[in-house]
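Notes for the structure review
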Amino acid sequence: MEQTLRQAAARLRDAGVVSARVDAELLLAHAAGTNRAELQRLALLGRRVPDSVLVAYGPLVDERARRVPLQHLTGTVSFAGLELAVGPGVFVPRPETELLVTLGVEALRGADAPVVVDLCTGCGAVALALKARVPGAEVLAVELSEHALAWAGENVARSGLEVGLRQGDARTAGDDLLGTVDLVTCNPPYIPLGAVPVDPEVRDHDPELALYGGSADGLAIPRAVAARAAVLLRPGGVLLMEHAEVQREALTRALRSAGVWREVADHDDLTGRPRVARAVRAGG
Ligand SMILES: C[S@@+](CC[C@H](N)C(=O)[O-])C[C@H]1O[C@@H](n2cnc3c(N)ncnc32)[C@H](O)[C@@H]1O
């Protein structure tokens, strides 16, 4: 087994996969129908890989070497303690986005039956993680892409968590909720137009709609979504919006100058990079 893993990891490393050994292990675990910890235990015991597993493993390594995202091959991603279904047509949630969940739970502390709206929900990651942590919340998730929404539907069904799903534009959604929402979360598309991602997994497999923010600074869609959030939130309600590291100043400046927010602040992710803007709806 160790030799199989070494060969696969070397192949993936040659193809430019940074986490080559981890990916080799995760794909073998997937092919064997087990988890990585159990696979590592069997490797330590010197077990050989059954032929039936090798037959399934080879094509998976081939695909990964062609830079198909690991999560498209395993069909799942771990996010904030949930196992979510992902694949072609939906953005794969990133670990740094868990900061939206952490800050969202903080914002909801002590609230009684709060109303939460997750705009640009993709596979439903943030909405589902918030519902799992704050079961008393009423959580609604909005997504424009029907393909992404289908994955979100699958995740709602699998998790058994009661999250409402709506297909709609985050810039105009929620006419029935105006001024009633306690928390809006959003990880919008924010890559500047023309700034094509280097990693093939992102460039060739994440949907364009999930990536590009609609302007040279990448903030046209985030600004428009923040304006909608201001209309949805009650006075005192909280907006949490993810952004790229380099957008901290521009986004917080836009929020401050909009005239509808107070306590505009920004939070770093676990790697110390500026990641989430937080603002409280003024008025009331
Ligand atoms: C960066 S992805 C984030 C997905 C998910 N929140 C996550 O963190 O994994 C952005 C998502 O916004 C969706 N989207 C883009 N423009 C939108 C719009 N105007 N209204 C609603 N959703 C939109 C994309 O389809 C994509 O699913």
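Everything below is about the structure printed above this text.
This is a predicted model, so every value here is computed, not measured.

Considering the pattern of salt bridges
- Counted by the stated rule, this structure contains 22 salt bridges.
- Across the salt bridge formed by glutamate 63 and arginine 66, the nearest N and O atoms sit 2.6 Å from each other.
- Under the relative-accessibility criterion, arginine 66 is labelled exposed at 56%.
- Arginine 64 is the partner of glutamate 201 in a salt bridge, and the nearest nitrogen-oxygen pair spans 2.8 Å. You can see glutamate 201 sitting in helix α9 (residues 200-205) and its partner arginine 64 sitting in helix α4 (residues 51-65), a full 137 residues away along the chain. For the pair formed by glutamate 201 and arginine 64, the shared burial category is buried.

Focus: the nonpolar core
- Grouped together as the largest cluster of nonpolar side chains are 35 residues, with contacts concentrated most on Phe79 and Leu84.
- Of all the secondary structure elements, the ones that give two or more residues to this core are β1 (76-79), β2 (82-85), α6 (98-108), α7 (125-133), β4 (138-143), α8 (146-159), β7 (233-242) and β9 (274-281).
- Beyond its immediate chain neighbours, meaning those up to four positions away, leucine 84 contacts Gly75, Thr76, Val77, Phe79, Cys123, Ala125, Leu128 and Asn155.
- If you look at the next biggest cluster of nonpolar residues, it comprises 27 residues, including Ala229, Ala230, Leu255 and Val264.

Brief notes about the site of the ligand
- The environment of the ligand is formed by 18 residues, the closest being Cys120, Glu143, Asp169, Ala170 and Asn187.
- Here aspartate 169 contributes a side-chain N or O atom positioned 3.0 Å from a nitrogen atom of the ligand.
- Burial of the ligand by the surrounding chains reaches 98%, relative to a free accessible area of 590 Å².
- Of the residues assigned to the shell around the ligand, the class counts are nine nonpolar, six polar and three charged.

Calculation notes
- Residues numbered from 1 in each chain as written.
- Predicted model: local features only at pLDDT ≥ 70, side-chain atom pairs only at ≥ 80, totals over all residues.
- Heavy atoms only, no water.
- Salt bridge = Lys/Arg side-chain N within 4 Å of Asp/Glu carboxyl O.
- Buried < 20%, exposed > 50% of the residue type's maximum accessible area, 1.4 Å probe, protein only.
- Helix = DSSP H or I, 4+ residues; strand = E, 2+ residues; numbered from the N terminus.
- Core = buried A, V, L, I, M, F, W, Y, C linked by side-chain atoms within 4.5 Å.
- Contact = heavy atoms within 4.5 Å.
- Near = heavy atom within 4 Å.
- Polar contact = N/O pair within 3.5 Å; in protein donor to acceptor, adjacent residues only side chain to side chain.
- Areas by Shrake-Rupley, 256 points an atom, 1.4 Å probe, with all protein chains shown as cover.
- Nonpolar A, V, L, I, M, F, W, Y, C, P; charged D, E, K, R; others polar.

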